[in-house]
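# Descriptive analysis of the structure
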Amino acid sequence: MKNMAQEKILAICIRDESYEDFISIGKRIHRMDNSIIVNISNGAFHPDQLPMRFNHLPLLTLYLVNPPVIMPARGCTLCVKDIGKLEEYKNFVAAGIPIPKVKPYSIGDTVEQSEWGDYVVLKPVHSSIGIGNILVHTSWLKEIEHNRIPPDHPLASSPYLLQQFIDTGPNALSYRILSFLGRPLMCVSFRRTRPIKYPESLDEIFLNDSFTSNFTQGETTYIERDSKLANDEEVISFSRQVFNAHPDFPLQGLDIIRDTKSGKLFVLENNSGGNVWTFSRKDTPTYQAIGRKALLTQFMAFDRAAEILLPKTHELAR
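To keep things clear, this report deals only with the structure shown in the data block. (Residues numbered from 1 in each chain as written. Predicted model: local features only at pLDDT ≥ 70, side-chain atom pairs only at ≥ 80, totals over all residues. Heavy atoms only, no water.)

## Quick word on the overall build of the protein
What the protein contains, in helices and strands, is eight helices and 13 strands. Rg of the C-alpha trace for the protein: 22 Å, near the compact-globule value of 20 Å for 318 residues, within the 12% margin. Dimensions along the principal axes, computed over C-alpha positions, put the protein at roughly 70 × 40 × 35 Å. Within the protein, the fraction of its 318 residues that count as buried is 51%. Here the contacts in the protein between residues at least 6 apart in sequence split such that 67% fall between residues at least 24 apart. When the accessible surface of the protein is totalled, it reaches about 15,100 Å², and 51% of it is carbon and sulfur. (Helix = DSSP H or I, 4+ residues; strand = E, 2+ residues; numbered from the N terminus. Rg over C-alpha atoms; globule rule 2.2 N^0.38 Å. Buried < 20%, exposed > 50% of the residue type's maximum accessible area, 1.4 Å probe, protein only. Contact = heavy atoms within 4.5 Å. Areas by Shrake-Rupley, 256 points an atom, 1.4 Å probe, with all protein chains shown as cover.)

## Here's the deal with the side chain of D21
Turning to its location among the elements, D21 is positioned in helix α1 (residues 19-32). Accessibility expressed as a relative area gives 4% for D21, which makes it buried. There is a polar contact of 2.9 Å between the side chain of D21 and the side chain of W277. Sequence-distant contacts of D21, defined by excluding residues within four places in its chain, comprise W277, F279, S280, R292 and F302. (Polar contact = N/O pair within 3.5 Å; in protein donor to acceptor, adjacent residues only side chain to side chain.)

## Looking at the nonpolar core
Among the nonpolar cores identified, the biggest contains 36 residues, and L62, F180 and F279 are the most heavily contacted of them. Examining the composition of this core, we find that seven residues originate from one element, helix α8 (residues 301-316), more than from any other. Not counting residues within four places of it along the chain, the set of residues in contact with F180 comprises F22, L62, L64, L185, P250, L251, A305, I308 and L309. One finds L161, I177, A245 and I256 within the second-largest nonpolar core, a separate group that totals 20 residues. (Core = buried A, V, L, I, M, F, W, Y, C linked by side-chain atoms within 4.5 Å.)

## Quick look at unusual backbone geometry
Its identity as a non-glycine residue notwithstanding, L181 has a phi of 50 degrees, on the positive side. Note that L181 resides in the loop between β9 (173-180) and β10 (183-192). In this structure, M300 takes a positive phi of about 50 degrees despite not being glycine. As for its position among the elements, M300 is in the loop between α7 (292-298) and α8. Taking relative accessible area as the criterion, M300 reaches 43% and is therefore assigned partly exposed.

Next comes the structure, spelled out in structure tokens:
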């Protein structure tokens, strides 16, 4: 479509494996509106790399990889950012987004069962995909001592967080939404096929991971996790609210859970560091279990990405 509007530049810096995906998205944008000049780069980008003839044009830059230490002064820039669990929690609370309660924890701290519930999750501050998380009866916390934690367990060498446990049903269930500038490109559910086992003694808590649907990739991942496309409108609508707690992070992998008793939705985590573009990550369980074609066609992801980027470029480029 020929557009006589002022030309604008959309620059997207992405990871190597998703380069061809964004080339395809860029071509869609050009067909829809040729007043937008799309520049795709992998690894690193700075506006000074653009040809001099583009220096006067409004610019929107998206970093879907780690941005430069010194942000470019030119144009409008949005970038992914990996933030700490406590900062993330505070941001969600400030935005009024339901999230399980979290606080720093030290062995021996007093925790009121009436406030936190019968079970809580104790987790290392520095961890991902549920590594080292343990489910423990709240009344047992005072019985855990430093020398009781196995020396090779992540909790032995990391500060702790205490997190409210949300019961998602007999089998742990969560949703992952890939949100791009506030709209979902993918929504899948992860259901643990092994039922949750509530620990009967302190000796069991360090070996029990049945309470989480997000767990270490390995030989049991495909046996114990049922991954499916999910078109849950309530979850998708909620994900739009969750995205808006961090509106400057253009790409967010949102983990959402539902309390089985109340039906209330909670955000569990925002994976905002950029490593969530599942469509081209062949090594991930989601890609291998569901397949690229199914993931792409659920919401026609590349068409939707182009439809999102076109008005955003006109709105934000400067």
